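# Summary of the model geometry
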Amino acid sequence: MLATGNTISPSLARRLGAKGENAWKSMEAWFDPLFGQTNNPWRQLGALSYYYFWIIVITGCYLFAVFDTSVAGAYRSIDYLSHEQWWLGGIMRSLHRYASDAFALTMLLHLARELVHGRFRGFRIFSWLTGLPLLWLVYAAGINGYWLVWDSLAQHSVIATSEWLDWLPIFSEPIVRNFLTPEGVNDRFFSLTIFLHIGLPLFSLLFMYIHIQRISQAKTFPPKVLAWGSFAALLVLSLIKPAMNQAPADMSMVPINLDYDWFYLGIFPLMYQTSPAVIWLLLGGITLFLVILPWSGHRQVVPVAVVNPANCNGCGRCVNDCPYAAVSLVQRVDGRTFKQQALVDSDLCAACGICAGSCPSSTPFRTAAVLNTGIDMPQLRVDSLRVELEEKLAALEGDAKVIVFGCDHAADVAMLKGPGVLPFSLICAAQLPPSFIEYALRNGADGVMVTGCREGDCEFRLGTQWVNERLSGERQPHLRRSVSPGRVRVMWHGSGNEQVLRSALEDFRTTLRTLPTEIKPEPRRREKERKNA
């Protein structure tokens, strides 16, 4: 079976895309020393968006409890919080405002990040398309929320929105007529507004839930350090510059000198500089572009994971480790002892090989002439990896001999090849079964280095995490405790960090030279075993 992978665009588009991706990665790397790879906010934009959403919901519940849905009471009830109850209600209101801005910002940055990385095609189409409605829902809820305050900014926002909507030929009378006189606004307007301000976030939450349905173990909460740090930043901002009402709405006057929120209301100045038609054309064009983008260019098909029922015992490790929920367990029909076997959905498979690394049959210590595993990648089979490893181990010479297992999407390990160093590049670092590390150490290598994408930025989401957990013994299959930890080094470096990785390798080899010589068992005579098999 084949899965649709990234598309091949014209050369100019590819060059521009590569430059954009490299620039983005350089920016992210600049923040790594400040926050660490795991807590780098540029690598946690999706999780931060979910986090800010819940801050909005919690603070919004409090504001709703004290809000007066009347023309006379709307402004007064919110203004009371900012001045009379600033120590709680005022902080809640400010947190609600700034978390809303942060939500809009991280949502747009998350979209931009996935765009420049080309993560919108093939198995990612579903997540991409289900995320696009959130753009309209979130901005509709944000603009609508400003109406509830009913100050001069709310007056400006509701009139501008009405003029923008009136351009559509679907209303019998212009909506803006309702907001030209004081008599046009009544209590029912605020009842409708509060209904929308609750309903739109609920629809947003629904799409946020759908958005991650084809993602296994989706990150919907940032690391604790980043979460508390973000909350503290919002709290400090709320204390230093609390959100305040502007002048009360007055339909007899045109509001001026507004304290603008450019995150949500920025389209209105542009509309008045151009026209409502231009804004509809601009937003509609951007939305259409984002919708059709996954089908642009020529498609490249890549082989997906293949299940070998004869070697699958239905353990479910591949199901648990698959980043995109592409593997499931189904009832066996071949009459074997095991009741279940794995099944791969080719439309969801990312062709990352993580499942092969998790399969208990993917061990090079098996004496079979051909290493057939329960689940494998046709383009880089576990058996081929064993054969190549044995050939390279036989040719490995010098002191401090190191095997380096890398990732096709991270620093290029081929550049590390030299006397005493032999590299392997895998589809993903997590494609490597931990037993291959022990196998290399028992058959000639003095040390093994594993490297791949930066932590929190794995091309296939969970690869770095699974490798860390497998090698630390927290996840099956794990590296056996008999393997000396001093002879295994894990370094996470993205593409463009080859020199840093080279320095880390030399440091590792220097450490290996200081370790006592280990008495290794007799190397496994694979060729002889195959002949006798």
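On a predicted model such as this, the values are computed, not experimentally measured, just so you know. (Residues numbered from 1 in each chain as written. Predicted model: local features only at pLDDT ≥ 70, side-chain atom pairs only at ≥ 80, totals over all residues. Heavy atoms only, no water.)

Let's shift gears to the nonpolar core. Of all hydrophobic cores here, the largest spans 62 residues; its most connected members are Tyr 52, Trp 150, Phe 179, Phe 189 and Leu 265. Per-element accounting of this core gives the leading share, 11 residues, to helix H5 (residues 125-149). Once residues lying within four places of it in the same chain are set aside, the contact partners of Leu 265 are Ile 143, Tyr 146, Leu 153, Ser 157 and Tyr 260. (Core = buried A, V, L, I, M, F, W, Y, C linked by side-chain atoms within 4.5 Å. Buried < 20%, exposed > 50% of the residue type's maximum accessible area, 1.4 Å probe, protein only. Helix = DSSP H or I, 4+ residues; strand = E, 2+ residues; numbered from the N terminus. Contact = heavy atoms within 4.5 Å.)

This paragraph deals with the sheet that holds strand S8 (residues 421-426). To summarise the sheet geometry, strands pair through backbone hydrogen bonds and adopt either a parallel or an antiparallel arrangement. Sheet architecture is open: four strands sit in the order S8-S7-S9-S10, paired in parallel fashion. The open sheet has two edge strands, S8 and strand S10 (488-492), and neither has a second partner. On average, adjacent strands in this sheet sit at an angle of 20° to one another, irrespective of strand direction. Sheet strands touched by helix H15 (residues 435-442): strand S7 (402-407), strand S9 (447-452) and S10. Its angle to S9, the strand with the most contacts, is close to 145°. Contacting S7, S8, S9 and S10, helix H17 (residues 498-514) crosses the sheet at an angle of about 160° to S9. (Pairing = 2+ DSSP bridges. Axes fitted to C-alpha atoms, helices over the stretch in contact; angles between N-to-C directions.)

For the rest of this paragraph, the subject is the side chain of Arg 93. Mapped onto the secondary structure, Arg 93 falls in helix H4 (residues 86-116). A polar contact is formed between the side chain of Arg 93 and the side chain of Ser 82, at a distance of 2.8 Å. Residues contacting Arg 93, with those up to four places away along its chain left out, are Leu 63, Ile 78, Ser 82, Val 149, Ala 243, Met 244 and Asn 245. (Polar contact = N/O pair within 3.5 Å; in protein donor to acceptor, adjacent residues only side chain to side chain.)

In total, this model carries 23 salt bridges according to the counting rule given. Notably, a salt bridge pairs Asp 507 with Arg 489, separated by 3.4 Å at the nearest N-O pair. Residue Asp 507 is located in helix H17, and its partner Arg 489 is located in strand S10; the two are separated by 18 residues in the primary sequence. Classification of Arg 489 by relative accessible area gives partly exposed; the value is 21%. Each of Glu 28, Asp 32, Arg 43, Arg 113, Glu 114, Arg 119, Arg 124, Arg 454, Asp 457 and Glu 459 takes part in a single network of salt bridges with overlapping partners. (Salt bridge = Lys/Arg side-chain N within 4 Å of Asp/Glu carboxyl O.)

Residue placement: Asp 32 occurs in helix H1 (residues 11-35). Among the residues examined, Asp 32 registers a relative accessible area of 12% and is labelled buried. If we skip the residues at most four places from it in the chain, Asp 32 touches Gln 37, Asn 40, Arg 43 and Arg 454. A distance of 2.6 Å separates a polar atom in the side chain of Asp 32 from a polar atom in the side chain of Arg 43.

That is the geometry; function is a separate question.
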